[in-house]
Amino acid sequence: MSEESLNGRNYTRPTNKEKYELLKKKNEEALEGGGKERIEAQHKKNKLTARERIHLLLDEGSFEETGKFVMHRAKDFGLDKQHYLGDGVVTGYGTVNNRLVYVFSQDFTVFGGSLSETHAEKIVKIMDLAMKNGAPVIGLNDSGGARIQEGVVSLGGYADIFYRNTLASGVIPQISAVMGPCAGGAVYSPAITDFIMMVENTSYMFVTGPNVVKTVTQEDVTAEELGGAGTHSTKSGVTHFSCANEVECINYIKRLLSYVPQNCEDDAPQLPYQVQGDESRPALDTVIPDNPNQPYDMREVIEGLADEGSFFEVHKNFAENIVVGFARLGGRSIGIVGNNPAFLAGVLDRHASTKAARFVRFCDCFNIPLLVLEDVPGFLPGTDQEWNAIITNGAKLLYAFSEATVPRVTVITRKAYGGAYDVMNSKHIGADMNYAWPMAEIAVMGARGASEIIFRKEIATAEDPEAKLQEKVDDYTNKFANPYRAAHRGYVDEVIMPSETRRKLMKAFKMLENKVATLPRKKHGNIPL
Ligand code: HXC
């Protein structure tokens with residue numbers, strides 16, 4: 001300290017060296033979060049700290065922090081005596097594979113990562129920067145929810161975030177990783193974002209926890225059963241990815257980012273690609289069984305068509321009768337939606353419809369061309385489906401495809417029956433190129449069902465009703481269970497061999513890369529939610 005005289009009064013003034021020391025001390029204090037003991041407790045739970053997660057996510061040395069010295073302003077319940085620099089969330093920007101991203105990472109070691117007024121302000125600040133600069137936001141969530149001691153200002157902080165999540169939707173990609181508790185209204189920020197990842201055994205999401213559930217509904221349920229990664233990746237579909245551990249979770253985020261553009265004005269990424277021969281894939285000619293009722297896994301078709309090892313499945317364990325995910329075709333990033341006959345014969349039900357609809361809308365928001373692989377016997381009948389609004393949910397998929405303006409290509413690999421033919425990116429709802437394989441069956445319904453309806457009287461009065469039915473089934477099959485009726489009408493642009501499909505698709509997407517399509521002027525549509 002140096003002593004100086006000002007207006008005859010002496011005062012001590014820190015030297016620059018001392019000021020540098022103070023900055024160093026504050027920086028060190030901020031890095032400690034809630035202290036060594038709480039960091040150890042975090043590690044004991046198999047969880048990384050907020051800063052360790054950021055370190056894993058971003059390119060080495062690229063992180064620049066914002067709001068490192070922010071402190072809460074609360075005074076009640078002893079908070080005036082407890083201050084931690086950063087206030088429970090680490091925020092800033094950096095790069096992932098040299099591309100700019102904004103990140104916030106909640107620090108469970110500070111008040112359990114709970115969200116205070118200032119904690120929320122820090123998140124809002126980087127979301128605003130992300131919007132102005134057109135880059136993705138990644139949220140690493142690990143929080144006990146609203147900072148209970150702060151009351152309504154904490155709720156206000158959540159709402160400020162929800163509002164920005166909504167305005168940013170469709171402008172910049174938003175990815176949420178849930179790496180710890182996520183309870184109460186806190187779940188709604190991740191829910192508005194584009195993708196949620198959860199870590200098995202250490203994360204959960206629910207509106208109310210097991211204790212409240214027990215009080216209200218008398219159900220006994222553990223946190224894991226109620227809202228763990230397993231539950232949300234299979235039963236509810238709330239999470240898109242269930243990750244074995246935090247490292248896998250961070251790797252999934254990085255991989256996901258590699259398929260998506262920075263913002264809605266940007267093109268989807270395209271990697272350099274060297275064409276290999278005529279790009280034919282002979283193995284695809286033997287994937288579809290001769291018996292049309294025998295299942296096969298649509299993922300085999302996808303693996304055969306996409307660039308090797310490029311398929312990145314989304315929502316893998318939810319509504320497995322439809323497969324969605326990103327892939328590359330000749331280096332170009334594409335979104336794939338495929339009915340999967342390996343599960344429930346590939347039927348469309350309410351979960352499959354909403355799963356695919358959300359994926360289609362993400363791809364359309366962010367200029368990612370869509371490839372649809374179709375093998376669908378129709379919509380699933382039954383009271384469960386009807387009472388749980390298969391009509392409204394199926395309409396979501398119809399709406400999502402109809403509204404999509406990105407390049408859209410369909411390949412009918414086998415069945416395309418009933419309303420599902422229309423829904424699955426048919427020519428009539430705006431698909432650009434529609435192909436069918438020679439074993440495609442495109443009709444209102446299967447031959448047996450159709451014959452039983454339209455020839456009921458003739459069959460009932462026949463001398464041998466079973467033989468008559470078979471005769472009608474054979475007749476209907478010959479007439480309709482093929483791709484040629486649709487091809488004669490131009491509903492299918494070309495009937496192609498499976499082995500030549502990759503080449504055709506590469507050319508089609510190249511041909512469509514400058515596609516311009518606009519929707520009628522409106523405020524926004526009214527998707528059947
Ligand atoms: C303030 C909190 C807190 C919170 C945890 N802590 N949650 N502080 N507000 N919401 C503090 C604890 O006091 C403790 O402080 C430290 O964080 C770690 O918490 P523990 O309970 O020791 O950890 P653990 O056993 O792992 O349990 C974690 C937990 C539990 C399951 C999250 O803490 C919990 O149930 N918290 C309350 C969850 C909740 O009901 N939140 C409000 C939801 S309503 P010390 O000093 O001991 O380390 C909501 C409304 C939002 O969020 C609405 C938006 C629309």
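Before any of the text, the structure's been laid out above.
From a predicted model like this one, the values you see are computed outputs, not experimental measurements.

Caption draft 1: Main features of the overall build of the protein. Looking only at helices and strands, the protein has 20 helices and 18 strands in total. Each principal axis of the C-alpha distribution contributes one length, and for the protein these read about 120 × 60 × 45 Å. Counting across all 529 residues of the protein, residues that qualify as buried make up 49%. A fraction of 71% describes how many contacts in the protein between residues 6 or more apart in sequence connect residues 24 or more apart.

Caption draft 2: Spotlight on the pairing of strand 5 (residues 99-106). The element strand 5 is extensively covered by neighbouring structure, given that 6 of its 8 residues are classed as buried. In the sheet, strand 4 (residues 89-96) pairs with strand 5 via 8 bridges, with the strands oriented antiparallel. The residue of strand 5 that forms the bridge with Gly92 is Val103. The antiparallel hairpin formed by strand 4 and strand 5 contains 2 residues in its connecting segment, where Asn97 sits at a positive phi of about 50°. Here strand 5 runs beside strand 6 (residues 137-143); their pairing, made up of 4 bridges, is parallel.

Caption draft 3: Quick look at the environment of Val207. Following the sequence through the fold, Val207 ends up in the loop between strand 9 (204-206) and helix 7 (210-217). For the pair Val207 and Ala183, spaced 24 residues apart in sequence, the C-alpha to C-alpha distance is 5.7 Å. Beyond its immediate chain neighbours, meaning those up to four positions away, Val207 contacts Gly184, Val187 and Tyr188.

Caption draft 4: Region of the structure containing the site of the ligand. For the ligand, the set of nearby residues contains 19 residues, the closest of which are Arg38, Lys45, Gly112, Gly144 and Ala146. Here a nitrogen atom of the ligand sits 2.6 Å away from a polar atom, N or O, in the main chain of Gly144. When contributions to the shell around the ligand are tallied by element, the ones reaching two or more residues are helix 5 (152-168) and strand 7 (174-183). Residue contributions to the shell around the ligand peak at 3 residues, all from helix 5.

Caption draft 5: Expanded view of the nonpolar core. Ile138, Ile253, Phe326, Val337, Leu348 and Leu397 are the most contacted members of the largest nonpolar core, which has 56 residues in total. A per-element tally of this core places helix 12 (residues 350-365) first, with 7 residues. Not counting residues within four places of it along the chain, the set of residues in contact with Val337 comprises Ile322, Val323, Val324, Ala356, Phe359, Val360, Leu371, Val372, Leu373, Phe401 and Met424.

Caption draft 6: Layout of a nonpolar patch on the surface. Together, Met131, Tyr163 and Leu167 make up a nonpolar patch on the protein surface, roughly 300 Å² of accessible area in all. Secondary-structure assignment places Tyr163 in helix 5.

Caption draft 7: Region of interest: the state of the cysteines. What the rule picks out here adds up to 0 disulfides. The closest cysteine sulfur to the non-disulfide-bonded Cys243 is located on Cys249, 4.1 Å from its own sulfur. Taking the relative accessible area as the measure of exposure, Cys243 reaches 0% and is therefore buried. Look at Cys249 and you get buried, because its relative accessible area is 0%.

Caption draft 8: Structural context of the side chain of Ser143. Mapping Ser143 onto the fold places it in strand 6. Using a relative accessible area of 3% as the deciding quantity, one classes Ser143 as buried. Reaching out from Ser143, the side chain makes a polar contact with the backbone oxygen of Gly113 at a distance of 2.8 Å. Not counting residues up to four positions away in its chain, the partners in contact with Ser143 are Gln106, Gly112, Gly113, Ser114, Leu115, Tyr158, Pro181, Cys182 and Ala183.

Caption draft 9: Layout of the packing of helix 16 (residues 447-454) against helix 18 (residues 465-480). It is the contact of helix 16 with helix 18, at a shortest axis distance of 9 Å, that shows an interaxial angle of 120°. The orientation of helix 16 relative to helix 18 falls into the category oblique. Between helix 16 and helix 18 the crossing geometry is right-handed. For the pair helix 16 and helix 18, the contacting residues are Ala447, Arg448, Ala450, Ser451, Glu452 and Ile454 in the first and Glu466, Leu469, Gln470, Lys472, Val473, Tyr476 and Thr477 in the second. Looking at the contact of helix 16 with helix 18 residue by residue, the class counts come to 6 nonpolar, 3 polar and 4 charged.

Caption draft 10: Structural view of the environment of Asp474. On the secondary structure map, Asp474 appears in helix 18. Between the C-alpha atom of Asp474 and that of Glu441, which follows or precedes it by 33 residues, the distance is 13 Å.

Caption draft 11: Region of interest: the pairing of strand 8 (residues 195-199). In terms of burial, strand 8 is largely enclosed, as 5 of its 5 residues are buried. Taken together, the 4 bridges between strand 7 and strand 8 define a ladder with parallel strand orientation. Note that in strand 8 the partner of Ile175 across the bridge is Phe195. Strand direction decides the pairing type here: strand 8 and strand 10 (residues 241-243), joined by 3 bridges, are parallel. Counterpart to Met198 in the pairing with strand 10 is Ser242.

Caption draft 12: Structural view of the pattern of salt bridges. Under the counting rule described, the total for this entry stands at 29 salt bridges. In this structure, Glu513 engages Arg332 in a salt bridge whose closest nitrogen and oxygen atoms are separated by 3.1 Å. With Glu513 in the segment after helix 20 (501-511) and Arg332 in strand 13 (residues 332-339), the pair connects residues that are 181 residues apart, well separated along the chain. Here Glu513 falls in the partly exposed class, since its relative accessible area comes to 36%. On the basis of relative accessibility, which here comes to 12%, the residue Arg332 falls in the buried class. By sharing partners, the salt bridges in this structure join Lys47, Arg53, Asp142 and Glu246 into a single network.

Caption draft 13: Highlighting unusual backbone geometry. The phi dihedral of Gln218 is positive, around 65°, even though this residue is not glycine. Within the secondary structure, Gln218 sits in the loop between helix 7 and helix 8 (223-227). Residue Gln218 is classed as exposed on the basis of its relative accessible area, which comes to 55%. Of note in this structure, Ala389 is not a glycine but carries a positive phi near 65°. Positionally, Ala389 belongs in the loop between helix 13 (383-387) and helix 14 (390-403).

Cut-offs used in this document
- Residues numbered from 1 in each chain as written.
- Predicted model: local features only at pLDDT ≥ 70, side-chain atom pairs only at ≥ 80, totals over all residues.
- Heavy atoms only, no water.
- Helix = DSSP H or I, 4+ residues; strand = E, 2+ residues; numbered from the N terminus.
- Buried < 20%, exposed > 50% of the residue type's maximum accessible area, 1.4 Å probe, protein only.
- Contact = heavy atoms within 4.5 Å.
- Pairing = 2+ DSSP bridges.
- Near = heavy atom within 4 Å.
- Polar contact = N/O pair within 3.5 Å; in protein donor to acceptor, adjacent residues only side chain to side chain.
- Core = buried A, V, L, I, M, F, W, Y, C linked by side-chain atoms within 4.5 Å.
- Patch = residues over 30% accessible without salt bridge, like charges linked within 9 Å, V, L, I, M, F, W, Y side chains within 5 Å.
- Areas by Shrake-Rupley, 256 points an atom, 1.4 Å probe, with all protein chains shown as cover.
- Salt bridge = Lys/Arg side-chain N within 4 Å of Asp/Glu carboxyl O.
- Disulfide = S-S within 2.5 Å.
- Axes fitted to C-alpha atoms, helices over the stretch in contact; angles between N-to-C directions.
- Parallel < 35°, antiparallel > 145°, perpendicular 65-115°, else oblique.
- Left-handed = near helix turned anticlockwise from the far one by under 90°.
- Nonpolar A, V, L, I, M, F, W, Y, C, P; charged D, E, K, R; others polar.

Honestly, it's all geometry; don't read function into it.
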